[in-house]
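# Understanding the architecture of this molecule
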Amino acid sequence: MCGIVAYLGDKQAYPILIKGLQRLEYRGYDSAGVALIDDELLLYKKQGKVADLEEYLKDKNVKGNIGIAHTRWATHGEPSDINAHPHFSRSKKLAIIHNGIIENYCTLKKELFKRGYTFQSETDTEVLIHLIEDIQINENVELLEAVRIALNQVVGAYAIVIIAKDNPNQLIVARKGSPLVIGVGEKEFFVASDATPIVEHTTNVVYLNEEEIAVLNRNGDIKLINIKNQKKTPYIEKLELNLHEIEKDGYAHFMLKEIHEQPRSIRDTMRGRINSSRNILSLGGITDYERRLINAKRIIIVACGTSWHAGLVGEYLFEDLARIPVEVEYASEFRYRNPIINEDDVVIAISQSGETADTLAAIELAKSKGATIIGICNVVGSSIARATHAGSYTHAGPEIGVASTKAFTAQVTILTMMALMISFKKGVITKSKYHQLLGEIELIPEKVEKVLKTENKIKGIAEEFINSRNFLYLGRGYNFPVALEGALKLKEISYIHAEGYPAAEMKHGPIALIDAEMPVVVVATKKGIYEKVISNIMEVKARKGKIIAVVTEGDVAVKALADYIIEIPETEELLVPLVATIPLQLLSYYIAVMRGCDVDKPRNLAKSVTVE
Ligand code: AGP
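First things first, this report covers the structure right here in the doc. Worth saying up front: this structure is predicted, and the values here are computed from it rather than measured.

Within the structure, the ligand sits among 14 residues, and Ser307, Ser351, Gln352, Ser353 and Thr356 are positioned closest to it. Separating an oxygen atom of the ligand from a side-chain N or O atom of Thr356 is a distance of 2.4 Å. Note that an oxygen atom of the ligand is positioned 2.7 Å from one of the side-chain N or O atoms of Glu492. When the ligand sits alone it has 410 Å² of accessible area, and the protein chains cover 90% of it. Those elements that place two or more of their residues in the shell around the ligand are helix H9 (305-322) and helix H16 (479-494). A total of three residues in the shell around the ligand trace back to one element, the largest contributor, which is H9. When the residues that make up the shell around the ligand are grouped by side-chain class, the tally is four nonpolar, eight polar and two charged.

Take a look at the structure:
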């Protein structure tokens, strides 16, 4: 939530900042702003997308070789020019950008108010910059010390960058609970919420740790301390990110590119981990914790949104293959409901971004009760990846589209490998079954490629439903989470109301909604409880609902009943989610595009939810 970029060096800052904001726009896009020092401290901000800010700045003075910029996802105060960042201090000598939430901002604001401060915006961020300046003046300390003292008074999460009119040779940055990366060039610095704005300038980066403050100087020096005033050593790492991974590569949208990347991303998730001809399956990141999983009395999976749906597939996999009881929890509920957590529980935390605040808090809670925490994250070095005892990266590559696609299939691929490996090591499946499943997993990318070739057909189906107001998605067994994910995808990007249900649950309520206007997407692949799903389809047909069915190639029975058919290649039942999800992603994508929606930046959403 919210993207921050900053630059200090010899170059003009504005072009670097604006391009950086475009790269970070997936994090929030309701308003944007920039502050630069060119003798004066100049500050411009605008409600709307980064393009609106760019248009507004066409004829303004945007000179300066130091600057900060921000793209916002509103928390405190509606999206507006005034609430947009950066925010000035009272003297207008300091400007700040901020990602996160200052939870005790009301108390701090009241204190400042008593001392005569007034506030232009409704934001918590403006309170923080007033507090910093107040400390600087009243305690007569340097800006760094004022920032440090202020951050000790703050409860909540922050990634901040501050510039000072009186010192155009310095950026002050700090973080707690919100991500921040510093790119280190030749006597120049780039700061951003993630590495995507930095990679085209330098591959040398420093990831700030919790409660660290850095002072970046024009002469190339970095001073690093924590908020307790302990000196720290900056650790420079090499970025492993290619520019083409964060560009659209000729696709109309990142989401479409990411859907099409799945044969490659699933292969990358498996790379070096699986080899059926040698009967090898190993997840290096969890080797030291395998025994804990094998002996676990219970697995608790915590996640949010799409990652939670991947977790549901994980529940079926671990119970089915490894015979370990699994509970799948929304991280936001888990953290507040006094859950029972034992030392022999293993918690698997799933997160694409690795920054989701609720998932992070659920991990901390489980850790404090002695459970072992295993992470499944996409973003390398993210907060969740660092907070867990061990984990497996999904290696799906950067996911920029706000609606998660390739991250989901990568998460399910990891869970499948994990459950299979544990079941074999636990001795609950035979060697021949293990071998056969390894071979089947390796075939998944080809099967996904085949589904992607049905894109035009899916586009044709989408065209029929662009005016629908509701959708129902049904599936049973492994296909139930697929139905939930299909419904989430549609509502996120097309704003059509959609519900996912276990097919048999339909008769307990949702059936009341079915009439000739109600499209029902049924994931009705062979095996499992196929016959029972056919009965559910009959129930829909009897009430004139329109059936769009995802079926196994060569299917006859469902074909005879459904209005529209999407065929997918046959695979093992437990691997079906990896293939059946693809057509549902494409269906949502085309419906949304034909309705004129901004699929990469759907309204009200942000890619990485770093607030509660
Ligand atoms: C997915 O399409 C969503 N945008 C959202 O539900 C997302 O999956 C959720 O916020 C969790 O994010 P995470 O995987 O980064 O933790």
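In this structure, Pro86 follows His85 across a cis peptide bond, with omega equal to 5 degrees. The topology assignment puts Pro86 in the loop between strand E4 (66-72) and strand E5 (87-88). With phi around 65 degrees, Asp39 is a residue other than glycine that occupies positive phi space. Tracing the chain through its elements places Asp39 in the loop between strand E2 (31-38) and strand E3 (40-47). Residue Asp39 is classed as exposed on the basis of its relative accessible area of 70%. Non-glycine residue Asn338 carries a positive phi angle of around 50 degrees. Since its relative accessible area comes to 67%, Asn338 is described here as exposed.

Basis of the calculations
- Residues numbered from 1 in each chain as written.
- Predicted model: local features only at pLDDT ≥ 70, side-chain atom pairs only at ≥ 80, totals over all residues.
- Heavy atoms only, no water.
- Near = heavy atom within 4 Å.
- Polar contact = N/O pair within 3.5 Å; in protein donor to acceptor, adjacent residues only side chain to side chain.
- Areas by Shrake-Rupley, 256 points an atom, 1.4 Å probe, with all protein chains shown as cover.
- Helix = DSSP H or I, 4+ residues; strand = E, 2+ residues; numbered from the N terminus.
- Nonpolar A, V, L, I, M, F, W, Y, C, P; charged D, E, K, R; others polar.
- Buried < 20%, exposed > 50% of the residue type's maximum accessible area, 1.4 Å probe, protein only.

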